[in-house]
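# Tertiary structure, described
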Amino acid sequence: MNRTGRILLVTALVAVVAMAFRVSWNALRDIANAIGADHTAATLYPFVVDGLMALALVATLALVGRDRTFALRVLGTYTLASLVLNYVHGLVPELHGRTVDWGRLADWDPANWALVLLATSLPVGSIYFGSDLVAKVLHQRPAPIPPPVTNAEESTETIRNRSTADLPESTPAPAVANPVRMPDPIAVGFLKSALPLKPVPAIAPTPVKPIGSTPKSTVAATSPRPRGATGRVPEAARSPRPKRTPAQLLDEARTAMTGLPDGKVTAEGIRREVHTSPANARMLRDTLLAERAAAVGAP
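Since the structure is predicted, the reported quantities are computational estimates derived from the model, not experimental observations. (Residues numbered from 1 in each chain as written. Predicted model: local features only at pLDDT ≥ 70, side-chain atom pairs only at ≥ 80, totals over all residues. Heavy atoms only, no water.)

### So, helix H9 (residues 278–297)
Helix length check: H9 (20 residues) gives 28 Å between terminal C-alpha atoms against 28 Å at 1.5 Å per residue, within 8%. Every buried residue of H9 is listed here: Ala281, Leu284 and Leu288. End-on view of H9: buried residues confined to an arc of 65°, all on one side of the axis. Exposed positions of H9 whose direction lies more than 90 degrees from the buried face are Ala293 and Gly297. Contact partners of the buried residues in H9: helix H7 (246–256) and helix H8 (267–274). (Helix = DSSP H or I, 4+ residues; strand = E, 2+ residues; numbered from the N terminus. Expected span 1.5 Å × (residues − 1). Buried < 20%, exposed > 50% of the residue type's maximum accessible area, 1.4 Å probe, protein only. Arc of directions from axis to C-beta. Contact = heavy atoms within 4.5 Å.)

Below is the structure:
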């Protein structure tokens, strides 16, 4: 359908809805007067009911999935409620002349209570359902469009990693050498005489020694570079580390901390200088500080 046809269709729909609303507006206004609404509230009552129907219809066109189902249910519920109220307005002629008792829509009490509850709950429901539908429309996110598949066979192809030897680019094509034709040999006596050559003395043959008589030369075998240890060296293969006594550690700590103030005598500094464990470093620090304190306190 072209654009002109769509505009005409929407215009016709708006005209039909407007005329239907005018017919329903009279009945809903009389119902509102019967349940105790004043003149202004009774005039606005039809907009509350039929207006929410129009809002639910628009939300149905904009929403998708479960939200669209919810909008359709709201539209159907309010359409049914408006139909019931219009039907009651047609059955009770007293509603036309406003001669019916206040809050009386039917002679049978249970039916009257249900109709009054329906008529009074529609404005509250319009506030709740209308707000919910508007919030759903405003917070709706469009569904992502999947990229088109150009070839279904290519999409199902399994791509696997191959080694370099399997790839055709790894083996270069053999180079083809262009053959070069050489000139034919020419005889020596052709077109001119050959010059006489000088006599060459005969060379005596060199005696060849048998293989067994040749002395064998000793060639040093080249040994490959030893590989470094890749694992943990066992305790038996390690060189023994000398163990120092506490007195030796204390002497080394005194030497390393000589000339330093008490604030710079720390366990970390002693550990780095003496190369000992943190526990021994703390013990040596406490001992040095105690010695310095005793030396200061002595007369």
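From this point, things continue past the structure.
### Examining unusual backbone geometry
Across the chain, the bulk of peptide bonds are trans and the bulk of non-glycine residues have phi less than zero. In this model, histidine 275 sits at a positive phi of 60°, which is unusual for a non-glycine residue. By secondary structure assignment, the location of histidine 275 is in the loop between H8 and H9. Here histidine 275 falls in the exposed class, since its relative accessible area comes to 64%.

### Considerations on helix H5 (residues 109–138)
Taking 1.5 Å per residue, 30 residues should reach 44 Å; H5 reaches 43 Å between its end C-alpha atoms and fits that length. Considered for burial, the residues of H5 that qualify are Asn112, Leu115, Ala119, Leu122, Gly125, Ser126, Gly130 and Leu133. Residues of H5 that are buried in the fold lie against helix H1 (3–34), helix H2 (39–62) and helix H3 (65–91).

### Some remarks on the pattern of salt bridges
A complete count under the given rule lists 9 salt bridges for this structure. A salt bridge links arginine 254 to aspartate 251; the shortest N-O distance between them is 2.9 Å. With a gap of 3 residues between them, arginine 254 and aspartate 251 both fall in helix H7, about one helical turn apart. Classification of arginine 254 as partly exposed rests on a relative accessible area of 32%. Accessibility expressed as a relative area gives 43% for aspartate 251, which makes it partly exposed. Of the charged contacts, one joins aspartate 286 and arginine 285 as a salt bridge, the two residues approaching to 3.2 Å between their closest N and O atoms. Since its relative accessible area comes to 44%, aspartate 286 is described here as partly exposed. One salt-bridge network, held together by shared partners, links Asp67, Asp132 and Lys136. (Salt bridge = Lys/Arg side-chain N within 4 Å of Asp/Glu carboxyl O.)

### A short note on a nonpolar patch on the surface
Together, Leu55, Val134 and Leu138 make up an exposed nonpolar region whose accessible area comes to about 260 Å². Its location among the elements puts valine 134 in helix H5. The class for valine 134 is partly exposed, based on a relative accessible area of 36%. (Patch = residues over 30% accessible without salt bridge, like charges linked within 9 Å, V, L, I, M, F, W, Y side chains within 5 Å. Areas by Shrake-Rupley, 256 points an atom, 1.4 Å probe, with all protein chains shown as cover.)

### Regarding the packing of aromatic side chains
Enumeration according to the criterion identifies 3 aromatic pairs in this entry. Geometrically, the ring pair formed by phenylalanine 70 and phenylalanine 129 is tilted, given 6.1 Å between the ring centres and 50° between the ring planes. One end of the pair, phenylalanine 70, is in helix H3; the other, phenylalanine 129, is in helix H5, and 59 residues separate them in sequence. On the basis of relative accessibility, which here comes to 26%, the residue phenylalanine 129 falls in the partly exposed class. Measuring from ring centre to ring centre gives 5.1 Å for tyrosine 128 and phenylalanine 129, while their planes differ by 75°; the resulting arrangement is edge-to-face. Among the aromatic residues, those joined into a ring-pair cluster are Phe70, Tyr128 and Phe129. (Phe/Tyr/Trp six-rings, centres within 6.5 Å; stacked < 30°, edge-to-face > 60°.)

### Things to note about the environment of glycine 263
Inspection of the secondary structure assignment puts glycine 263 in the loop between H7 and H8. Assessed through its relative accessible area of 69%, glycine 263 is described here as exposed. The sequence separation of glycine 263 and leucine 289 amounts to 26 residues, and the corresponding C-alpha distance is 9.7 Å.

### Describing the packing of H7 against H9
Where H7 contacts H9, the axes come no closer than 10 Å and their chain directions differ by 65°. Taken as a pair, H7 and H9 cross one another with a handedness that is right-handed. Only Asn280, Leu284, Thr287, Leu288 and Glu291 of H9 make contact with H7, whose side of the interface consists of Leu249, Leu250, Ala253 and Arg254. Looking at the contact of H7 with H9, its residues break down into 5 nonpolar, 2 polar and 2 charged. (Axes fitted to C-alpha atoms, helices over the stretch in contact; angles between N-to-C directions. Left-handed = near helix turned anticlockwise from the far one by under 90°. Nonpolar A, V, L, I, M, F, W, Y, C, P; charged D, E, K, R; others polar.)

### Some remarks on the environment of threonine 287
Positionally, threonine 287 belongs in helix H9. With 33 residues separating them along the chain, threonine 287 and arginine 254 place their C-alpha atoms 9.8 Å apart. At 2.8 Å, the side chain of threonine 287 forms a polar contact with the backbone oxygen of methionine 283. (Polar contact = N/O pair within 3.5 Å; in protein donor to acceptor, adjacent residues only side chain to side chain.)

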